[in-house]
Amino acid sequence: MSYGVNSIHEKLCAELENYIRAQYFGKSPLLLAALKEKLRAEGVLHREPYIESSPAYKTVPNGFSTINLPDWLRQFFLRLGAAGLGVYLSPFKHQIQALEATTAGRDLFVATGTGSGKTECFMLPLLSKLAVEAHDAPAMWSQRGVRAMVMYPMNALVSDQIGRLRRLIGDSDQKFMEIFRDVCGADVRRPQFGMYTGRTPYPGSKTDKTQDRQLAATLKSIIDSDDKDFLSRLIADGKIPSKAHIAQFLAALEDGRHV
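Residues numbered from 1 in each chain as written. Predicted model: local features only at pLDDT ≥ 70, side-chain atom pairs only at ≥ 80, totals over all residues. Heavy atoms only, no water.

**Student:** Could you give an account of the overall build of the chain, naming the residues involved and the relevant values?
**Tutor:** In terms of helices and strands, the chain carries twelve helices and zero strands. N-terminal to C-terminal, the α/β element order of the chain is α-α-α-α-α-α-α-α-α-α-α-α. Relative to the compact-globule value of 18 Å for 259 residues, the chain shows a C-alpha radius of gyration of 26 Å, a clear excess of over 25%. Overall, the chain is about 85 × 50 × 35 Å in size when its C-alpha atoms are taken along their principal axes. The buried share of the chain, reckoned over its 259 residues, is 31%. Across the chain, the fraction of contacts at a sequence separation of at least 24, relative to all contacts at a separation of at least 6, is 67%. When the accessible surface of the chain is summed, it comes to about 17,200 Å², and 54% of that surface belongs to carbon and sulfur atoms. For the chain, the separation between the mean place of its 33 positive charges and that of its 28 negative charges on side chains is 3 Å. (Helix = DSSP H or I, 4+ residues; strand = E, 2+ residues; numbered from the N terminus. Rg over C-alpha atoms; globule rule 2.2 N^0.38 Å. Buried < 20%, exposed > 50% of the residue type's maximum accessible area, 1.4 Å probe, protein only. Contact = heavy atoms within 4.5 Å. Areas by Shrake-Rupley, 256 points an atom, 1.4 Å probe, with all protein chains shown as cover. Lys, Arg positive; Asp, Glu negative; His and termini not counted. Charge placed at Lys NZ, Arg CZ, Asp CG, Glu CD.)

This is the structure:
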């Protein structure tokens, strides 16, 4: 069987035609015969397929080795890339340009196509901002506060990106924190992040113990499940909250405390 575009298109058309015949004209052979050629006509049930080619974006091999950044910050990104945390050592040219521009204090507007790595155009500058403050202004960094806010048009995008942050900043092997503290200072605190959508348990700063306990029970049932392969996949996909001590977090949550 061929798996080319045309053969797949033909198969899809045939399946749809068969469904229409069986569902609506199976008991009327005369009507089915009259419509047989009509169903095949382009524009009735289908159109000819459109094929879109994605452009190839220019990569910069070992781009973080030559990027115009302070040496310590360059090493920060090189080590993140070597640790396999989702920072790629040969990024696209426009991703390097975005990081250089924002680190230099310039505003940025990114307009590129699907598959061009737009996420890195703000994720890398975000990491740079956190590292620069922790490295250059440790007293300021020691104070908790909102450093960046990312807004998305759809909750699905938020869920996808929170998973990426969990795998990067909240990796279970603590690789990020080891690199972050080696580069920015042994005593710097951990960067934190959160998600605010309809899936956030409840709004506002006042706790709701009922919601807290329901969330704790849900997470505990997943973590204590006998299906460890399923749990491993959830963690690998960033679907479980990143907590250094998840058992302590759940115990506090059951008591309405967010630690």
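**Student:** Give me the nonpolar core: which residues, what numbers.
**Tutor:** Phe76, Phe77, Leu80, Leu127, Phe176 and Phe180 are the most contacted members of the largest nonpolar core, which has 31 residues in total. For this core, the secondary structure elements donating two or more residues are α4 (71-82), α5 (93-103), α6 (118-136), α8 (155-168) and α9 (175-184). No other element matches the seven residues that α6 contributes to this core. Counting nine residues, the second-largest nonpolar core is a separate cluster that includes Ala216, Ile223, Phe249 and Leu250. (Core = buried A, V, L, I, M, F, W, Y, C linked by side-chain atoms within 4.5 Å.)

Remember that the coordinates give geometry; whether it matters functionally is a separate question.
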